[in-house]
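Next come the chains, spelled out residue by residue.
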Amino acid sequence: MAAAEVGDDVYGEDPTVNALQERVAAMFGHEAALFTPTGSMANQIAIQLLVPPGEELLCDADAHVVTYEIGAAAALGGVSTRTWPAVGADLDVEAVAGMVRPAGYHAVPTRAIAVEQTHNRAGGAVIPLSTVEGLRRVADEHGLALHCDGARIWHAHIADGVPLSTYGRQFDTLSVCLSKGLGAPIGSLVVSTVDRIARARLLRKRLGGGMRQVGILAAAGDYALTHHLSRLAEDHVRARRLAEALAPFGIVDASRVRTNVVPLDLTKSTVDGAALGALARERGVLVSVLGPRFARLLTHLDVDDAGIERAIDVLTGIFAGA
């Protein structure tokens, strides 16, 4: 990062950023990409590219774009959203098709569909390629665009072996994150056509995401793609180890843990989310508490086998003593 060649990225003159954008676009078989500081910004840029103000995006009720981006689609893009039930990766293509509203009849017309790969609140679940292809057909039949919140698409690629370019062919826009399992300190990219990315650059500036000598961050992303992509398989193995150790307490179905997220359903446990988070923290283990009865564990490159065993000792001790 310290040795990165830099320029002014607002003017498109940072060579390290430009190289990263070209690399990521090529990985997904698209024409262009744009570096952004956050995944939420990348998602919201993509949504604004696809859905005009006052028109509609369809997505999962637990999708990041409507759950964890504090209403940005409506507040910043004037975009209306409508959701199908929170089923994670187990979505029904025909049910989604039945939700599409055409223009006219005083209704809000549907303009795009968004999916999340992998799905965060569904425990890092991978949407099957056949489902994605089905959504592509629905989008084409109705003249809609298809967006992928691909914050963890790298994990889907490793888990199912689907080439990134195959995923790329299904979507009009993607957001991809460098700071999840890949381990870069910051950064996501919007991936699409040359024309869309030219407009995305204006939207990024409007959202406050225009940065100057950002090549120092792009260099970290480039390193992460080179060195940390294939090793995601190690995180998947460690997540499964965690899930198998906690399964006897009835809080996780280990058979559904395929990537790096271990969701904990605490509805049948006497330990609630707040208590679990506090007790684990006291013992040196950090748990992501997402609700009164829902938490998650994530594996990443900074947690080795010894760290997993330590977490297992602490967490099983908490649930065994409940």
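Below is a summary of the structure that appears in this document. (Residues numbered from 1 in each chain as written. Predicted model: local features only at pLDDT ≥ 70, side-chain atom pairs only at ≥ 80, totals over all residues. Heavy atoms only, no water.)

**Observations concerning the overall build of the protein**
- Counting its regular elements, the protein contains 13 helices and ten strands.
- In summary, the protein has a C-alpha radius of gyration of 20 Å against a globular reference of 20 Å for 322 residues, a match within 12%.
- Based on the C-alpha atoms only, the size of the protein along its principal axes is roughly 55 × 55 × 35 Å.
- Here the analysis covers contacts within the protein between residues at least 6 apart in sequence; of these, 73% occur between residues at least 24 apart.
- When the accessible surface of the protein is summed, it comes to about 13700 Å², and 53% of that surface belongs to carbon and sulfur atoms. (Helix = DSSP H or I, 4+ residues; strand = E, 2+ residues; numbered from the N terminus. Rg over C-alpha atoms; globule rule 2.2 N^0.38 Å. Contact = heavy atoms within 4.5 Å. Areas by Shrake-Rupley, 256 points an atom, 1.4 Å probe, with all protein chains shown as cover.)

**Re the sheet that holds strand 3 (residues 80-84)**
- Taken in spatial order, the seven strands line up as 1-7-6-5-4-2-3 in an open sheet, and their pairing is mixed. Of all strands in the sheet, those bounded by a partner on one side alone are strand 1 (32-36) and strand 3. Across the sheet, the mean angle from the axis of one strand to that of its neighbour is 20°, orientation sign disregarded.
- Across four bridges, the pairing between strand 5 (residues 145-150) and strand 6 (residues 173-177) is parallel. Bridge pairing in strand 6 links Gly150 to Val176.
- Contacts from helix 9 (residues 194-206) reach strand 1, strand 6 and strand 7 (188-192), with the element oriented near 15° to strand 1. (Pairing = 2+ DSSP bridges. Axes fitted to C-alpha atoms, helices over the stretch in contact; angles between N-to-C directions.)

**Quick look at the pairing of strand 9 (residues 288-291)**
- Here three bridges tie strand 9 to strand 10 (residues 294-298), and the two strands are oriented antiparallel to one another. Bridge pairing in strand 10 links Val289 to Ala295.
- The hairpin formed by strand 9 and strand 10 contains two residues between the paired strands.

**Considering the packing of aromatic side chains**
- Under the definition given, this model contains two aromatic pairs.
- Ring plane angle 35° and centroid distance 5.8 Å describe the contact between Phe249 and Phe319, whose orientation is recorded as tilted. One end of the pair, Phe249, is in the loop between helix 11 (232-246) and strand 8 (261-265); the other, Phe319, is in helix 13 (residues 305-320), with 70 residues separating them in the sequence.
- According to the relative accessible area criterion, Phe319 is buried, its value standing at 7%. (Phe/Tyr/Trp six-rings, centres within 6.5 Å; stacked < 30°, edge-to-face > 60°. Buried < 20%, exposed > 50% of the residue type's maximum accessible area, 1.4 Å probe, protein only.)

**Observations regarding the pattern of salt bridges**
- In total, this model carries 17 salt bridges according to the counting rule given.
- The closest approach of N and O atoms between Arg238 and Asp305, which form a salt bridge, is 2.8 Å. Taken together, the residues Arg238 in helix 11 and Asp305 in helix 13 connect sequence positions 67 residues apart.
- Under the relative-accessibility criterion, Arg238 is labelled buried at 13%.
- For Asp305, a relative accessible area of 48% gives the class partly exposed.
- One connected set of salt bridges, linked through shared partners, spans Glu56, Arg82 and Arg101. (Salt bridge = Lys/Arg side-chain N within 4 Å of Asp/Glu carboxyl O.)

**Some points on unusual backbone geometry**
- For the bond from Gln117 to Thr118, the omega torsion is -10°, close enough to zero to count as cis.
- Looking at the element boundaries, Thr118 is found in the loop between strand 4 (110-116) and helix 6 (129-142).
- The backbone of His106 sits at a positive phi, close to 60°, despite the residue not being glycine.

**Considerations on helix 13**
- For helix 13, spanning 16 residues, the distance from its first C-alpha to its last is 22 Å, which sits close to the expected 22 Å at 1.5 Å a residue.
- Taken together, the buried positions of helix 13 are Ile308, Ala311, Ile312, Val314, Leu315, Thr316, Ile318 and Phe319.
- In this fold, the buried residues of helix 13 make contact with helix 11, helix 12 (273-282) and strand 10.
- N-capping of helix 13 is provided by Asp304, with a side-chain oxygen placed 3.2 Å from the backbone N of Ala306. (Expected span 1.5 Å × (residues − 1). Polar contact = N/O pair within 3.5 Å; in protein donor to acceptor, adjacent residues only side chain to side chain.)

**Regarding the nonpolar core**
- Counting 50 residues, the largest nonpolar core has Phe28, Trp154, Val176 and Leu178 as the members making the most contacts within it.
- Element by element, the count of residues in this core is highest for helix 10 (residues 215-227), at five residues.
- Discounting residues that sit within four places of it in the chain, Val176 has contacts with Val24, Phe28, Gly150, Ile153, Trp154, Ser188, Leu189 and Val191.
- Counting 26 residues, the second-largest nonpolar core is a separate cluster that includes Leu242, Leu276, Ile312 and Phe319. (Core = buried A, V, L, I, M, F, W, Y, C linked by side-chain atoms within 4.5 Å.)

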